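Here are the chains, one letter per residue:
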Amino acid sequence: MNMQRFIVSALTCLFLSTTAWASAFVEIKNGHFQRQGKPYFFMGANFWQGMNLGAKHSTANRQQLKRELDLLKLTGVTQLRILGLSEGPGDQPYRIVPAVQNAPGQMDESILAGLDFLLNEMRKRDMTAVVCLGNFWPWSGGFAQYVSWFEGSSIPYPPPHPGGSWSTFQEYSSRFYLMPQAIAAQREAVRKILTRVNTVNGIPYSFDPTILSWELANEPRGGTHRPEFLSWVETSAKFIKSIDPRHLVTIGSEGNTLSPEVAGNQFVEDHSVTGI
């Protein structure tokens, strides 16, 4: 970080620490969302393409991003669920590319610049973001890619992959919870996001009320490794809160599934974990 950016960030942190700005964060009061002392209501949508549209990359399209945000705001959508991390490599099928990481620890700054741009554009429109930091499913790389990296194994992609099996893929992806190296690598990537300073507006992510919450992953399932899954949820929430105590943390759960014994999820119990 050069001296000018350091000074801007320092002044930003000083400003954001004021009581008035602190109230701009979405909070939980008596079981309800609250912002600036008032009940906070929103209509939300998934917006997985936002970071890549805003990137400093040949595949990006910032004008399209602005048009889509304007249309969403016009239709009443004020909260977006967005990607904060994705995993490559780009030659693998069924996933968003380019990815933030094409190998553990190797962050593509051109894609992260897109996340900066997206958050700043959302801020201009008074929209909030749930920032997703992982994925149980393969369409952004996710847990399966970490398993592949540290096992040296091939991902058994689910349908429509020829011969693909959903149960086989889920068992593969959930092995993530059993792999300390994979968890440590994913957590280091999360740390880099939590401590990032927005290159567009100079606001540290951990001080930006545009972010409604950090989401551990998209639809994480415990599968046959439920104890390890719950341990991962608890330690991940604790890790995030140790760096950023201001923002909410959510699991990203899909709720109670039709077959909880297969998915390895129990909604109430899962969300009773400290920090969630």
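Description of the structure in this document. If you're wondering where the values come from, they're calculated on a predicted model, not measured in any experiment.

## Re the layout of surface pockets
Roughly 380 Å³ of volume is contained in the largest pocket. As for the largest pocket, its lining consists of 20 residues, of which Phe33, Ser213, Val249, Thr250 and Ile251 are closest to the centre. Looking at the lining of the largest pocket residue by residue, the class counts come to 10 nonpolar, seven polar and three charged.

## What to know about the sheet that holds strand 10 (residues 248-250)
The five strands lie next to each other as 4-5-8-9-10, forming an open sheet whose pairing is parallel. The open sheet has two free edges, formed respectively by strand 4 (44-46) and strand 10, since each of these has just one partner strand. Averaged over all pairs of adjacent strands, the angle between their axes in this sheet comes to 25 degrees, without regard to strand direction. Two strands pair when backbone bridges link them, and strand 4 and strand 5 (residues 79-83) are joined in this way by three bridges, in the parallel orientation. Residue Ala45 lies in a different strand from strand 5, and its bridge partner there is Leu80. Sheet strands touched by helix 5 (residues 109-124): strand 5, strand 8 (128-132) and strand 9 (211-215). Its angle to strand 5, the strand with the most contacts, is close to 175 degrees.

## Considering the nonpolar core
Of all hydrophobic cores here, the largest spans 60 residues; its most connected members are Leu80, Ile82, Phe176, Trp214 and Trp232. When neighbours within four sequence positions are excluded, Trp232 is seen to be in contact with Phe143, Phe176, Tyr177, Ile183, Gln186, Arg187, Leu216, Ala217 and Pro220. Counting residues in hydrophobic clusters, the runner-up holds five residues, among them Tyr40, Val130, Leu212 and Leu248.

## A word on the sheet that holds strand 2 (residues 32-35)
Strand order in this open sheet of three strands is 1-2-3, and the pairing throughout is antiparallel. Whereas interior strands pair on both sides, the edge strands pair on one side only; in this sheet they are strand 1 (27-29) and strand 3 (38-39).

## Regarding the side chain of Ser173
Mapped onto the fold, Ser173 is located in helix 7 (residues 166-174). Leaving out residues up to four positions away in the same chain, Ser173 has contacts with Phe136, Phe143, Ala144 and Val147.

## What about empty space enclosed by the protein?
Inspection of every chain in the model, using the stated rule, returns one cavity of 30 Å³ or more. In this structure, the largest cavity spans a volume of roughly 70 Å³. Forming the boundary of the largest cavity are Leu133, Gln186, Arg187, Val190, Leu216, Trp232, Ser236, Phe239 and Ile240.

## Quick look at the pairing of strand 5
Along strand 5, five of the five residues are buried, which leaves the element largely enclosed by surrounding structure. Here strand 5 shows no split at all, with Gln79, Arg81 and Leu83 on one side and Leu80 and Ile82 on the other all buried. When strand 5 meets strand 8, the two strands line up parallel, connected through five bridges. For Arg81, the partnering residue across the bridge sits in strand 8 and is Val130.

## Focus on the environment of Leu85
Mapped onto the elements of the fold, Leu85 is located in the loop between strand 5 and strand 6 (101-103). Owing to a relative accessible area of 1%, Leu85 belongs among the buried residues under this scheme. Taking the C-alpha atoms as reference points, Leu85 and Leu133, 48 residues apart in sequence, are found 5.3 Å from one another. In contact with Leu85, not counting residues within four places along its chain, are Met51, Val100, Met107, Cys132, Leu133, Ala189, Val190 and Ile193.

## What to know about helix 5
Here helix 5 contains 16 residues, and its C-alpha end-to-end distance of 23 Å stays within 8% of the 22 Å for a straight helix at 1.5 Å per residue. For helix 5, the buried fraction is high: 13 of the 16 residues fall into the buried class. Downstream of helix 5 by a residue or two, Asp126 has a phi angle that is positive, lying close to 55 degrees.

## Details of the pairing of strand 8
A large share of strand 8 lies buried, amounting to five of its five residues. Every second residue of strand 8 is oriented toward a common face, with Thr128, Val130 and Cys132 on one face and Ala129 and Val131 on the other, all of them buried. Two strands pair when backbone bridges link them, and strand 8 and strand 9 are joined in this way by four bridges, in the parallel orientation. From the neighbouring strand, Val130 faces strand 9, where its bridge partner is Ser213.

Analysis parameters
Residues numbered from 1 in each chain as written. Predicted model: local features only at pLDDT ≥ 70, side-chain atom pairs only at ≥ 80, totals over all residues. Heavy atoms only, no water. 1 Å grid on protein atoms, 1.4 Å probe; cavity = no way out; pocket = protein on both sides within 12 Å on 5 of 7 lines; lining within 4 Å. Points joined across faces, edges and corners; volume = space filled by probe spheres on them. Nonpolar A, V, L, I, M, F, W, Y, C, P; charged D, E, K, R; others polar. Pairing = 2+ DSSP bridges. Helix = DSSP H or I, 4+ residues; strand = E, 2+ residues; numbered from the N terminus. Axes fitted to C-alpha atoms, helices over the stretch in contact; angles between N-to-C directions. Contact = heavy atoms within 4.5 Å. Core = buried A, V, L, I, M, F, W, Y, C linked by side-chain atoms within 4.5 Å. Buried < 20%, exposed > 50% of the residue type's maximum accessible area, 1.4 Å probe, protein only. Expected span 1.5 Å × (residues − 1).

Note that all results are geometric; they support no functional claim without further evidence.
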